Amino acid sequence: MAMESHELHLGPGETTVWRPNSVEEAWQYKQRFGGSALYVAGGTWLRTRWEARQLPSPPDCIISLENIAGLRSLSFQQDRELTIGACVRLAELLSSGVIAESFPLIMLAAANIAAPSIRNQATIGGNVMSGVGDLLPALIAAEAEMLIYDGRRTDRIPVEDWVELKSRPEELLLTGLRLHAVAVKHRCFFHKIGRREQFTPSIITAAGWYHAEADGQIAKIRLAAGSSAMKPMRLRQAEIAALIGKPASLAADVHRAVRSELPELADDYASADYRKLAAANLIAAELLNNGGGTDAAKP
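Residues numbered from 1 in each chain as written. Predicted model: local features only at pLDDT ≥ 70, side-chain atom pairs only at ≥ 80, totals over all residues. Heavy atoms only, no water.

Asks: So what about the overall build of the protein? Which residues, and what values?
Replies: Counting its secondary structure elements, the protein contains 12 helices and 13 strands. By the burial criterion, 49% of the 299 residues in the protein qualify as buried. Total accessible area computed for the protein in this model is approximately 14200 Å², and 50% of it derives from carbon and sulfur atoms. (Helix = DSSP H or I, 4+ residues; strand = E, 2+ residues; numbered from the N terminus. Buried < 20%, exposed > 50% of the residue type's maximum accessible area, 1.4 Å probe, protein only. Areas by Shrake-Rupley, 256 points an atom, 1.4 Å probe, with all protein chains shown as cover.)

Here's what the structure looks like:
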């Protein structure tokens with residue numbers, strides 16, 4: 001099959017855009033051009049950072065993934081396993097009945113990312129591969145797996161493990177994400193604090209799900225947080241605090257655990273203390289409002 005390209009002015013020089021029709025072909029381009037080539041899906045995150053000079057100028061080559069049909073599909077199997085292609089747009093997540101019914105946490109997250117015009121172009125793969133996308137805490141909480149093609153086969157790696165990697169080979173190609181629907185309905189939440197409501201770097205994003213018994217005791221829980229300046233992370237200490245805590249003090253116990261667990265990280269948008277307090281307040285209030293405690297969490 002012939003390889004297709006054209007010239008596009010994206011910066012001070014010319015960038016060649018290649019449009020492969022298969023994952024294998026995209027991989028071949030990356031092997032051919034190496035570090036001078038970049039995989040691109042929707043391109044919204046990259047474009048804004050190029051324009052703001054937060055990233056180097058566009059590379060010599062862009063490998064556009066938009067023509068690979070398999071990366072643009074969303075399928076739900078009988079074993080309740082959902083596969084989302086890397087090039088599925090955020091707006092498509094919001095219009096999916098399957099996601100609304102069986103993966104409400106992903107629906108909540110997608111609805112709180114950017115403005116509608118951006119969601120019509122931005123892809124789930126681009127949000128994930130940015131490393132700081134607002135979907136990442138929700139995907140970690142949902143126990144999502146990444147489908148990574150290495151030139152020979154496609155392997156699965158939990159999103160939770162991928163964000164912890166110190167080195168990620170740039171030639172690896174994200175082809176999609178896989179999630180399993182839970183049999184029992186859990187209460188889920190997604191909260192984002194930013195300088196304005198939409199299309200803004202997040203100061204903190206908190207996501208999770210939990211199941212509380214009739215007496216308020218937490219039986220199951222999974223929590224995660226992230227921001228534009230902090231790599232997303234699972235909040236394991238806060239989960240333990242929720243599981244072993246008593247309903248009367250649950251919110252306060254989790255509040256303390258979240259503040260202890262988040263890293264000391266400040267940036268131009270928020271101090272470390274503010275980021276910790278905001279995340280703790282979001283998660284503790286969620287548990288408190290659902291009956292998971294009787295005393296308000298104290299800073």
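What follows picks up the thread again.
Asks: Tell me about the sheet that holds strand β9 (residues 173-180), and name the residues and values.
Replies: Spatially, the five strands line up as an open sheet ordered β5-β6-β9-β7-β8, and their pairing is antiparallel. The sheet terminates laterally at β5 (74-76) and β8 (154-158), the two strands that pair on one side only. Direction aside, the axes of adjacent strands within the sheet are offset by 25° on average. (Pairing = 2+ DSSP bridges. Axes fitted to C-alpha atoms, helices over the stretch in contact; angles between N-to-C directions.)

Asks: Go over the pattern of salt bridges, please, and point to the residues and values.
Replies: In this structure the tally under the stated criterion is 16 salt bridges. The salt bridge partner of Arg152 is Asp150, with a shortest N-O separation of 3.6 Å. Given a relative accessible area of 69%, Arg152 falls into the exposed group. When the shortest N-O distance is used, the salt bridge between Arg275 and Asp267 registers 3.1 Å. For Arg275, a relative accessible area of 2% translates into the label buried. What makes Asp267 partly exposed here is its relative accessible area of 25%. (Salt bridge = Lys/Arg side-chain N within 4 Å of Asp/Glu carboxyl O.)

Asks: A description of helix α10 (residues 236-244) should follow, citing residues and the corresponding values.
Replies: Every buried residue of α10 is listed here: Ala238, Glu239, Ala241 and Ala242. Looking down the long axis of α10, one finds its buried residues gathered within 160° of arc, a one-sided arrangement. Among the exposed residues of α10, those pointing more than 90 degrees away from its buried face are Ile240 and Ile244. Check the buried side of α10 and you find it contacts β12 (218-227), β13 (230-234) and α11 (250-261). (Arc of directions from axis to C-beta. Contact = heavy atoms within 4.5 Å.)

Asks: If you had to explain the environment of Leu105 to someone new, which residues and values would you point to?
Replies: Mapped onto the secondary structure, Leu105 falls in helix α5 (residues 104-111). A sequence separation of 82 residues divides Leu105 from Arg187, and the C-alpha atoms of the two residues are 8.9 Å apart.

Asks: Account for α11, with residues named and values stated.
Replies: Taking 1.5 Å as the rise per residue, α11 with 12 residues should run 16 Å; its terminal C-alpha atoms sit 16 Å apart, in good agreement. Counting buried residues in α11 gives nine out of 12 residues, a clear majority hidden from the surface. Among the residues of α11, Leu250, Ala251, Ala252, Asp253, Val254, His255, Ala257, Val258 and Glu261 are the ones counted as buried. Against β12, β13, α10 and α12 (272-289) lie the buried residues of α11. (Expected span 1.5 Å × (residues − 1).)

Asks: Can you tell me about a nonpolar patch on the surface, naming the residues and giving the values?
Replies: Together, Ile240, Leu243 and Ile244 give the surface a local cluster of nonpolar side chains, amounting to about 300 Å² of exposed area. Inspection of the secondary structure assignment puts Ile240 in helix α10. (Patch = residues over 30% accessible without salt bridge, like charges linked within 9 Å, V, L, I, M, F, W, Y side chains within 5 Å.)

Asks: Could you give an account of the side chain of Thr123, with specific residues and numbers?
Replies: Within the element layout of this structure, Thr123 appears in the loop between α6 (116-119) and α7 (124-129). For Thr123, the side chain forms a polar contact with the main-chain nitrogen of Gly126, separated by 3.1 Å. If sequence neighbours within four positions are ignored, Thr123 has contacts with Ala41, Gly42, Ala86, Cys87, Val88, Arg89 and Leu90. (Polar contact = N/O pair within 3.5 Å; in protein donor to acceptor, adjacent residues only side chain to side chain.)

Asks: Which residues make up the confidence of the model for the protein, and what values go with them?
Replies: Put simply, the protein has an average pLDDT of 85, and 85% of its residues get 70 or more. For the protein, the element scoring lowest by mean pLDDT is strand β1 (residues 5-9), at 45; α10 scores highest, at 97. In the predicted structure, residues 5-11 sits below a pLDDT of 50 and forms 18 contacts with residues beyond four places in sequence or in another chain. In the predicted structure, residues 293-299 sits below a pLDDT of 50 and forms 20 contacts with residues beyond four places in sequence or in another chain. (pLDDT = per-residue confidence, 0-100.)

Asks: Could you give me a rundown of the packing of aromatic side chains, with the residues and numbers involved?
Replies: The relation between two aromatic rings is expressed through the spacing of the ring centres and the mutual angle of the planes. Tallied over the full model, the rule gives six aromatic pairs. Judged by centre distance (4.7 Å) and plane angle (35°), the ring pair of Trp18 and Tyr29 falls under tilted. Taken together, the residues Trp18 in strand β2 (residues 14-18) and Tyr29 in helix α1 (residues 23-33) connect sequence positions 11 residues apart. (Phe/Tyr/Trp six-rings, centres within 6.5 Å; stacked < 30°, edge-to-face > 60°.)

Asks: Mind laying out the packing of α10 against α11, listing which residues take part and the relevant values?
Replies: Remark: α10 packs on α11, axes separated minimally by 8 Å, with the N-to-C direction vectors making an angle of 165°. The angle between α10 and α11 places the two elements in the roughly antiparallel class. Here α10 and α11 pass one another in a crossing that is right-handed. For the pair α10 and α11, contact is made by Arg236, Gln237, Ala238, Ala241 and Ala242 and by Leu250, Asp253, Val254, Ala257, Val258, Ser260 and Glu261, respectively. Class assignment for the residues of the contact of α10 with α11 results in seven nonpolar, two polar and three charged. (Parallel < 35°, antiparallel > 145°, perpendicular 65-115°, else oblique. Left-handed = near helix turned anticlockwise from the far one by under 90°. Nonpolar A, V, L, I, M, F, W, Y, C, P; charged D, E, K, R; others polar.)

Asks: Pulling in residues and values, what's your account of the sheet that holds β13?
Replies: Read across the sheet, four strands follow the order β10-β11-β12-β13 without closing on themselves; strand pairing throughout is antiparallel. Where the open sheet ends on each side, the last strands, each with one partner, are β10 (187-194) and β13. For this sheet the average axis-to-axis angle between neighbouring strands, irrespective of direction, equals 10°. In this structure, β10 lies alongside strand β11 (residues 202-212), joined through eight bridges in antiparallel fashion. Within β11, the residue paired with Cys188 across the bridge is Trp209. Along the sheet, α5 makes contact with β10 and β11, crossing β10 at roughly 20°.

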